[in-house]
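An overview of the molecular structure
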Amino acid sequence: MATGPGARPANYLTLVGQVAWQSVARLVRAPSHSRRAEARRALARRWIGVAALTAIAIGILMFAVDVAAIKQMPARGTASLWWLRIFTDFGKSTYVLWTLAGLLFVILLVQPLLSDVLRSMLIAFGVRIQYLFFAVLFAVLCGELLKYIIGRSRPFVGGDANAFFYQHFAGNPAFESLPSGHATTAFALAFAVSAVWRRMTLFMFVYAVLICVSRVVLLAHHPSDVVAGALTGIIGAMIVQYWFAARRLGFKIVSGGAIETLAGPSWSALKRVARGAFAP
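Residues numbered from 1 in each chain as written. Predicted model: local features only at pLDDT ≥ 70, side-chain atom pairs only at ≥ 80, totals over all residues. Heavy atoms only, no water.

Focus on the pattern of salt bridges
It is possible for side chains of opposite charge to pair when their charged atoms get near one another. Under the counting rule described, the total for this entry stands at 2 salt bridges. Here Asp66 makes a salt bridge to Arg152, at a shortest N to O gap of 2.8 Å. Linking Asp66 in helix α3 (residues 66–71) with Arg152 in the loop between α6 (116–150) and α7 (181–196), this pair joins segments that are 86 residues apart in sequence. There is no split in this pair, since Asp66 and Arg152 are both buried. Salt-bridge contacts for Arg152 lead to Asp225; the nearest nitrogen and oxygen are separated by 2.7 Å. With a gap of 73 residues between them, Arg152 in the loop between α6 and α7 and Asp225 in helix α9 (residues 223–246) connect regions that are remote in the sequence. Because the salt bridges share partners, they merge into one network encompassing Asp66, Arg152 and Asp225. (Salt bridge = Lys/Arg side-chain N within 4 Å of Asp/Glu carboxyl O. Helix = DSSP H or I, 4+ residues; strand = E, 2+ residues; numbered from the N terminus. Buried < 20%, exposed > 50% of the residue type's maximum accessible area, 1.4 Å probe, protein only.)

Topic: the packing of aromatic side chains
Taken as a whole and judged by the stated rule, the model has 9 aromatic pairs. The interplanar angle of 40 degrees and the centroid separation of 6.4 Å between the aromatic rings of Phe87 and Phe90 together place this pair among those described as tilted. Phe90 gets classed as exposed once you look at its relative accessible area, which sits at 55%. The interplanar angle of 45 degrees and the centroid separation of 6.3 Å between the aromatic rings of Phe125 and Trp197 together place this pair among those described as tilted. Residue Phe125 is found in helix α6, and its partner Trp197 is found in the loop between α7 and α8 (201–217); the two are separated by 72 residues along the sequence. Of the residues examined, Phe125 reaches a relative accessible area of 12% and is grouped as buried. Put simply, the rings of Tyr131, Phe244 and Phe251 pair up and form one aromatic cluster. Here the guanidinium or amino end of Arg247 rests over the ring plane of Trp243, the centre of that ring lying 3.6 Å away. (Phe/Tyr/Trp six-rings, centres within 6.5 Å; stacked < 30°, edge-to-face > 60°. Lys NZ or Arg CZ within 6 Å of the ring centre and 35° of its normal.)

Observations regarding unusual backbone geometry
Residue Pro179 is reached from Leu178 by a cis peptide bond, and omega for that bond is 0 degrees. Within the fold, Pro179 resides in the loop between α6 and α7. Residues other than glycine seldom take positive phi values, yet Leu219 does so here, at roughly 60 degrees. Inspection of the secondary structure puts Leu219 in the loop between α8 and α9. The class of Leu219 is buried, set by a relative accessible area of 4%.

Some remarks on helix α5 (residues 93–110)
Over its 18 residues, α5 extends 26 Å from the first C-alpha to the last, a length consistent with the 26 Å expected when each residue adds 1.5 Å. Turning to α5, its buried residues number three or more, namely Ser93, Val96, Leu97, Leu100, Leu104, Ile107, Leu108 and Val110. (Expected span 1.5 Å × (residues − 1).)

A short note on the nonpolar core
Counting 53 residues, the largest nonpolar core has Tyr131, Leu132, Leu189, Phe244 and Phe251 as its most contacted members. Those elements giving two or more residues to this core turn out to be α2 (36–64), α5, α6, α7, α8, α9 and β1 (251–253). No other element matches α6, which puts 13 residues into this core. (Core = buried A, V, L, I, M, F, W, Y, C linked by side-chain atoms within 4.5 Å.)

A word on α2
Between the first and last C-alpha of α2 there are 41 Å, a value that for 29 residues agrees with the 42 Å anticipated at 1.5 Å per step. Within α2, the full set of buried residues consists of Ala39, Ala42, Leu43, Thr54, Ile58, Leu61 and Met62.

Structural notes on the packing of α6 against α7
The contact between α6 and α7 brings their axes to 9 Å, and the two run at 155 degrees. The angle between the axes of α6 and α7 places the two elements in the roughly antiparallel class. For the pair α6 and α7, the sense of crossing is right-handed. Taking contact as the criterion, the partners of Arg128, Tyr131, Leu132, Ala135, Val136, Ala139, Val140 and Lys147 in α6 are, on α7, Gly181, Thr184, Thr185, Ala188, Leu189, Phe191, Ala192, Val193, Ala195 and Val196. Broken down by class, the residue content of the contact of α6 with α7 amounts to 13 nonpolar, 3 polar and 2 charged. (Axes fitted to C-alpha atoms, helices over the stretch in contact; angles between N-to-C directions. Parallel < 35°, antiparallel > 145°, perpendicular 65-115°, else oblique. Left-handed = near helix turned anticlockwise from the far one by under 90°. Contact = heavy atoms within 4.5 Å. Nonpolar A, V, L, I, M, F, W, Y, C, P; charged D, E, K, R; others polar.)

Observations regarding the packing of α7 against α9
At their nearest, the axes of α7 and α9 sit 7 Å apart, and the two run at 40 degrees to each other. In terms of orientation, α7 lies oblique with respect to α9. Pair α7 / α9 crosses with right-handed handedness. Residues Ala183, Thr184, Phe187, Ala188, Phe191 and Ala195 of α7 touch α9, and the partners they reach there are Val226, Gly229, Ala230, Thr232, Gly233, Ile234, Ala237, Met238 and Gln241. Of the residues contributing to the contact of α7 with α9, the split by class is 10 nonpolar, 5 polar and no charged.

Right, here's the structure in full:
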């Protein structure tokens, strides 16, 4: 074990392996929280309510809004929208997941170099980053499965503004419009970040909404696609939040089944961790 901020473990690779194994073991262990049944019931009620309202909204959009909306958008490939094509990539699942995975890898490498106090702070922060990663990953995988099953065409596939052109189980990117993958990623990330750091809620949901708008303007999706993606992202992140809370990882379940965030390290504490990791 390291004994101070500047200490280095005798067998660094062994300790890295131990940290990785312990992290996986915590994630897959049997749930232990006594209130997890209450949380399941509370979440099920929320899922049903949110899903029902969103399904109604999607239906209205598909019949009354989708075609009219995409007809008002600039032509696909419009040169002046280059900046929007850059911005929309901030909602691309590949970029988001690799960024979070890279951060987790750095945390894994740094932990054995720290004293016990600093290591405990970094572990608490790492659990939160794990939650963000798996919230996005799970939501995206669910979204990809739905895309494959539903097989809805993207705007103007076939030449017409047809909101009801489907090829189920096609596995063709042209028929992977519902739900929007970018919207799923953005809203899963927004929900997860907001669950961990409440002060980020407004910023994250503005980000998610703007990603959704960009997908419609760029004619990558219909309005109903991004609403469906938002629903998929939020529900996916909620399911992963329950998984973590049931194992007492980053969250707690309180009376009535509500899930609350456990107190974590402050930004000033994380700065101390960073100084300790790179101290000579």
